[in-house]
Amino acid sequence: MSYLDTQFDDNIIIAKVDDLFNWARLSSLWQVGFGLACCAIEMMATSASHYDFDRFGVIPRPSPRQSDIIIISGTVTLKMALRVKRLYEQMPDPKYVISMGSCSNCGGPYWEHGYHVLKGVDRVIPVDVYVPGCPPRPEALLEGLMKLQEKVRNESVIKKSA
Amino acid sequence: MAIKTEEMVLNMGPQHPSTHGVLRLELVLEGEIIQKVIPHIGYLHRCFEKHCEAMTYPQVIPYTDRMDYLAAMGNEFGYAITVEKLLGIQLPERVEYIRVIMGELQRIASHLVAIGTYGADIGAMTPFLFAFRDREVILNLFEITCGARMLYNYIWVGGLSHDLHPDFVRLTREFIKYFRPKIVEMNELLSTNRIFIERTANVGVLPLETAINFGITGPMLRGSGFKWDLRRDDTYSVYNKFDFDIPVGEGKVGTVGDCWDRYYVRILEMGESLKIIEQALDQLPEGDVTSAIPKRIKPPVGSVYKRVENPRGELGYFIISNGTTSPFRVKVRAPSFVNLGIMDVLCKNHMVADVIAILGSVDIVLGEVDR
Amino acid sequence: MKSEEELFNILKTKFNENVIKLVKQPIDPFIICDPLMINEISLYLLSNEELLFDNLMNLSGVDDANGKSTPIEGIATIEGGTLSVYYHLESTKFRHKVVLKVCTPREKPEVASVALVWRSADWHEREAYDLLGIKFLNHPDLRRILMPYDWEAGYPLRKDYANPEFYHGMKVPY
Amino acid sequence: MIIYDFLYKFVFNITQSAAIGDITAMIISGALPLLILVLPFTLVAVWLERKVSAHMQDRLGPMRTGSHGWLQTVADLIKLLQKEDIVASDNDRPLFNLAPILVFAGSYLVFAALPFSSAYIGSNIDLGIIFIIAASGFVVAGILMAGWSSNNKYSLLGAMRSAAQIISYEIPTILVILTIIMITGTTNLRTLSEMQTGHFWNWMIFGGAGLSLSKFLFIPFMLIGFVILYISTLAEVNRTPFDIPEAESELVSGYHTEYSGMKFAMFFLAEYANMFAVSAIVSAIFFGGYQSPIGYLGNTLGLPWMIPIEQFLWFASKGVFFVLVQMWLRWTLPRLRVDQLMALCWKYLIPIAFVNLIIVGLITVL
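How each quantity is defined
Residues numbered from 1 in each chain as written. Chains lettered and ligands numbered in written order. Predicted model: local features only at pLDDT ≥ 70, side-chain atom pairs only at ≥ 80, totals over all residues. Heavy atoms only, no water. Helix = DSSP H or I, 4+ residues; strand = E, 2+ residues; numbered from the N terminus. Rg over C-alpha atoms; globule rule 2.2 N^0.38 Å. Buried < 20%, exposed > 50% of the residue type's maximum accessible area, 1.4 Å probe, protein only. Contact = heavy atoms within 4.5 Å. Areas by Shrake-Rupley, 256 points an atom, 1.4 Å probe, with all protein chains shown as cover. Lys, Arg positive; Asp, Glu negative; His and termini not counted. Charge placed at Lys NZ, Arg CZ, Asp CG, Glu CD. Pairing = 2+ DSSP bridges. Axes fitted to C-alpha atoms, helices over the stretch in contact; angles between N-to-C directions. Buried area = accessible area lost by both parts, 1.4 Å probe. Salt bridge = Lys/Arg side-chain N within 4 Å of Asp/Glu carboxyl O. pLDDT = per-residue confidence, 0-100.

Q: Tell me about the overall build of chain D, and please be specific about residues and values.
A: If you tally the helices and strands in chain D, you get 13 helices and 2 strands. Relative to the 2.2 N^0.38 estimate, which gives 21 Å for 366 residues, the radius of gyration of chain D is 21 Å and therefore close to what a compact globule would have. In terms of overall dimensions, chain D has C-alpha extents of about 60 × 60 × 45 Å along its principal axes. Of all 366 residues assigned to chain D, the portion counted as buried reaches 57%. Pairs at least 24 residues apart make up 74% of the contacts formed inside chain D by residues separated by at least 6 positions. Accessible area of chain D: about 14500 Å², with a carbon and sulfur share of 76%. Side chains of chain D give 19 positive and 21 negative charges; the mean places of these two sets differ by 6 Å.

See the structure below:
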């Protein structure tokens, strides 16, 4: 990647390869099977029969090594934050983060007196899409996923937009 | 040269597919046999008790939702009746009935998640998805009542935030009709499955004396064969007006108090909850649900401990009031927190795979364990 | 079924000065006991054939905040006063309940552990230690339980707790 | 064989060199099953698995990639190609890199001896069945390597379980196959398939060809043999209810926990290739292999060139049918515990297979 970085700007060939690669990436976002708090239940509901995450090619993988996307579904506490960070680091590139729910966006209802709550997961790992809500409805999470897909679609092999 | 053997320490969680959230279990193994289980909790400690001290009494209710997020109605219910006891107010009949209906619907929803995830832990994914499919119907009922799917802020101190939707009674009756065959389906798919029985019968047997000494409550205690249900034994709200059974573990396929018994008690309880809902719908009185809500909640100085039967066991609130508008101290006796303490005893001399089976049958919600 | 007064009298005759007094209030009256004798009182309550308090429903630590409070930059520091522990007991056989309370000085909070009497007290006591800093003597495994093991900023549920600025490089306040 | 001969002649005519012709023809005819069957099949099977499970669970499954998501696995693969290949510093690098190749090669080797149709068999070796068993034993080494080199406790546990499981379940497999060998007197899969020609009542599950008393005596024992073989092959490819080596809810994902990107894809594809391979073996042994149950359209129409194609279709559809049964089981049943799995093998399957073997032997002698 680094060699390509220095050699080319966007050109027509890369753009075509980009399309294929982006399409593959955005249609097969495997998530880390990992739930934190209340939002995890809504995340499970999203992957269950009624809403069916699998329609978008999202399946939970138990191991972070095989996943592309981590959905931070719930309150990140200080004790957990280091684990979340490590989990994120264990994922192979290219990787994406959806922050689901107010707690992981900014601390949510625990922003003021939560002595043990990390006020926003973006203090530890970079976030691609924020989904607001407490907890967000499954539709909201699907919308967040589609926003992420849009973002991936505009990426380029030689330049990661994130 | 002598062979040196060492115990292996296996770290399960906080990110593990079947620790039901962010629980971390430290397993000390010899081969695959468990020597010791050390649970590490607190990965979801959200400072509930500190928040209570900073909020006014009604403001605490949304935070109670977020403790046992699978049984939010139950949490609100418990908190509301605790504060009402402190205030000493009487409620309109309709409020009590609606609370009972909501509580029981929530119990079914919560047990569905417990059963579904238990199936997934044992390796059967399909019951999990079926359970979530049926839970979706209950969530729709909640949604037409108060607009939220999971965390409702519906049961307030002294009343409810809204009256029932005009369609609610009809839809609930339809749900009952829809759901009865689903319990049978779940039994066929999971409860009587030979492999499922092999995996859960005689595993993690919990004797009654140990259970009581460890403060175990809820379906776990009943699974050990003790007819103890706060809805009957320390009755609250209008539960004394309904006729329902308290299912207990009978050791049908194994020993009394094994994982299968605990699982099956939950299945049976769903049926009992349906009975209660039916009776409550029949008797539902008319009235105003918001009339008794106090304008300003300022309880007298004192302390109160009140408990309700949540899907996971005895949920108790201990509230100390110093006469101001916010509680001086709220301590929650969370059923999952207490039930989880027994993991070490249950898991000893079982295999790694059994830890999953036992943990699933204890049925914890980490939001409540850590608060 | 025994009322609070009867229970108080039974305990008073058995443990005389270690059982201090019965505080009467409309809901849940409680009995104040000696913090260092609570384990023996508990054992008696559990094992006596006529009492059989086999279920510890709840154990809660409380910061009474009744000491001298000096506000420094918005957050008060409290000196003196007491921390207390409430025990909510119940007998599953006789269906009677009792509430015990012990008070211990804030500067050196020590309470005898009941974790060996009721095993459910184990985690409750760890929690009280974690959040309020009450030391339970003879507890089998008194460590922090909810907060991280390396948390050094004190006991969060005390009324004079101040949050640290950083924990492992992460900013704690909003 | 026909393909090999054709290619050989073709290349020989061009180059006039027997050696070049032989090698080219060998490579092409050897690579064909991979190209025309294994890879496309695995791609389809992964998609199929997701669709089948989805429809069993009141869901839809992949919908966004192509019509009903049929390109889903292609997208997955292209994505996996782009993923970072993580080798942690604690991993045993040479073994870690070698393991997926071994596993993949092991499951691919099996395809060499499978009789796809009377016109095509990768390598028509006389010890066909024995070769397949040996080759699938190869996979164990790869899995153990993966588990050990990952330096991860879950991986290690998964690998140990897997090795124990595959080796144990090979015994009932071999015992059942031995029964068949006793009746038919051949280990060549093609000959075995040829013996079951004609109609479905000539299949081994119905006692084989010919009309004699022994044929009818064989039927119950053949059924037992089939059930044992099917159960053990399920265990050999680590499918539910025997998927304990990669049990998601216990061991995260077992021996391939630490693998990412293309290496993981190799494990993944090998698993699905294996599923087809064992299903094909079951159908070759008991269900007539590539033989049609009802006669050939080519015979009726007088078009003999159609027969091999029909045979190939029959073979593929029989294989896919058993793969579907595997999926069905997977999405219905919970999984066993490791000791119960071993107990099932050593306490039930092996003794029954032995008794079966002896009785069939007696019938054959009489």
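We are not done yet, so read on.
Q: I'd like to hear about unusual backbone geometry, residue by residue, with values.
A: Across the junction of Asp93 of chain A and Pro94 of chain A, the peptide omega takes the value -10 degrees, indicating a cis bond. For Pro94 of chain A, the location among the structural elements is in the loop between helix 4 (78-90) and strand 4 (96-100). Cis geometry marks the peptide bond from Cys134 of chain A to Pro135 of chain A, where omega comes out at -10 degrees. Along the chain, Pro135 of chain A falls in the loop between strand 5 (129-131) and helix 6 (138-153). For Leu52 of chain C, which is not glycine, the phi dihedral falls at a positive 50 degrees. By the element assignment, Leu52 of chain C lies in the loop between helix 2 (38-47) and strand 3 (55-63). Backbone geometry at Asn151 of chain D places phi at a positive 55 degrees, although glycine is not the residue there. Topologically, Asn151 of chain D is positioned in the loop between helix 5 (128-149) and helix 6 (153-184).

Q: Could you give an account of the arrangement of the chains, naming the residues involved and the relevant values?
A: Among the 5 pairs of chains that make contact, the interface with the largest number of contacts is formed by chains B and C. One finds no contact linking chain C with chain D; the least C-alpha distance across the pair is 24 Å.

Q: Tell me what's going on with the sheet that holds strand 6 (residues 302-310) of chain B, and back it up with residues and numbers.
A: Residue and element names in this part refer to chain B. Across the sheet, 3 strands lie side by side as 6-7-8; this open sheet has antiparallel pairing. Both outer strands of the open sheet, strand 6 and strand 8 (329-333), are each paired with one neighbouring strand and no more. The sheet shows a mean angle of 15 degrees between the axes of neighbouring strands, taken without regard to direction. Both strand 6 and strand 7 (residues 313-321) contribute to a ladder of 9 bridges, which runs antiparallel.

Q: Report on the interface of chain A and chain D, specifying residues and quantitative values.
A: The partner chain D presents 32 residues to the 30 residues of chain A that form the contact. Both faces considered, chain A and chain D share a buried interface measuring about 2700 Å² in area, 56% of it formed by carbon and sulfur atoms. Of all residues in chain A, Trp30, Arg55 and Arg65 of chain A bury the most surface against chain D, accounting for 23% of the area lost on that side. The shortest N-O distance in the salt bridge between Arg65 of chain A and Glu258 of chain D comes to 3.1 Å.

Q: Quick rundown of the sheet that holds strand 1 (residues 8-12) of chain B? Include the residues and the values.
A: Residues and elements named next belong to chain B. The strand order 1-2-3 describes an open sheet built from 3 strands, whose pairing is antiparallel. The open sheet has two edge strands with one neighbour each: strand 1 and strand 3 (33-40). When strand polarity is set aside, the average angle formed by the axes of neighbouring strands in this sheet is 20 degrees. Two elements, strand 1 and strand 2 (residues 24-30), share 5 bridges in a ladder whose sense is antiparallel. By the bridge assignment, Asn11 is partnered in strand 2 with Glu26.

Q: I'd love a proper account of the confidence of the model for chain B, names of residues and values included.
A: Chain-level pLDDT for chain B is 86 on average; 99% of the residues reach the 70-or-more range. Ranking the helices and strands of chain B by mean pLDDT puts helix 11 (residues 259-283) of chain B first, with 89, and strand 1 of chain B last, with 80.

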